[in-house]
Amino acid sequence: DNTKFRFSRFYAACFLILLSLECLIAAFAHDRIIRPYVGDVLVVILFVLRGENAVDIPSKSLATAVLLLAFAIEFAQYLELLKALGLEHSPTAKLFLGNSFAWTDIMCYILGIAITLAVETVGKGSRCDLPARRKSGRIDGHPDQLSGAQ
């Protein structure tokens, strides 16, 4: 298996900040914009950050995989999978699979991935060119990754 694993303090910090923001949104934002739309945009970015901090695959491939996962979860909502499995009253199942299908969720996921790829593109060639420095195993001049873990 040629899968390479890695750890980046940068991506870990970004992930933890965004995870904290998502938790705050879930706990305190009971509105019609932040929780349903901003939360959905941020959740795919959160998953990309988690992936960036775990496996060494091209960013576009990772973003595509995250988007397909989000689509699959939304499709499960369309099929009312929780109801079919008898889990419609489970708070944990609802947390991970959501409540109901919405086309706006699909649009938010696409927007989140577009933002992720735009930031990646803008960062290339600048001091923040993390993908290029990631290949060398160094970020900001410090060893910051584990690769080739078996």
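Residues numbered from 1 in each chain as written. Predicted model: local features only at pLDDT ≥ 70, side-chain atom pairs only at ≥ 80, totals over all residues. Heavy atoms only, no water.

Caption draft 1: The overall build of the protein chain, seen in detail. Looking only at helices and strands, the protein chain features seven helices and two strands. The helix and strand sequence of the protein chain, counted from the amino end, reads α-α-α-α-α-α-α-β-β. Within the protein chain, the proportion of its 150 residues that are buried is 33%. Considering only intrachain contacts with a sequence separation of at least 6, the fraction spanning at least 24 residues in the protein chain is 69%. Accessible area for the protein chain stands at about 9,800 Å²; split by element, carbon and sulfur atoms hold 68% of it. (Helix = DSSP H or I, 4+ residues; strand = E, 2+ residues; numbered from the N terminus. Buried < 20%, exposed > 50% of the residue type's maximum accessible area, 1.4 Å probe, protein only. Contact = heavy atoms within 4.5 Å. Areas by Shrake-Rupley, 256 points an atom, 1.4 Å probe, with all protein chains shown as cover.)

Caption draft 2: View of a nonpolar patch on the surface. On the surface, Ile 33, Ile 34, Tyr 37 and Val 38 cluster together to form a nonpolar patch covering roughly 310 Å² of accessible area. Among the residues examined, Ile 33 registers a relative accessible area of 54% and is labelled exposed. (Patch = residues over 30% accessible without salt bridge, like charges linked within 9 Å, V, L, I, M, F, W, Y side chains within 5 Å. Salt bridge = Lys/Arg side-chain N within 4 Å of Asp/Glu carboxyl O.)

Caption draft 3: Spotlight on helix H3 (residues 59-78). For H3, spanning 20 residues, the distance from its first C-alpha to its last is 28 Å, which sits close to the expected 28 Å at 1.5 Å a residue. Within H3, the full set of buried residues consists of Ser 59, Leu 62, Ala 63, Val 66, Leu 67, Ala 70, Glu 74, Ala 76 and Gln 77. Just past H3, the residue Glu 80 takes up positive phi, approximately 55°. (Expected span 1.5 Å × (residues − 1).)

Function cannot be inferred from these measures alone, as they are strictly geometric.
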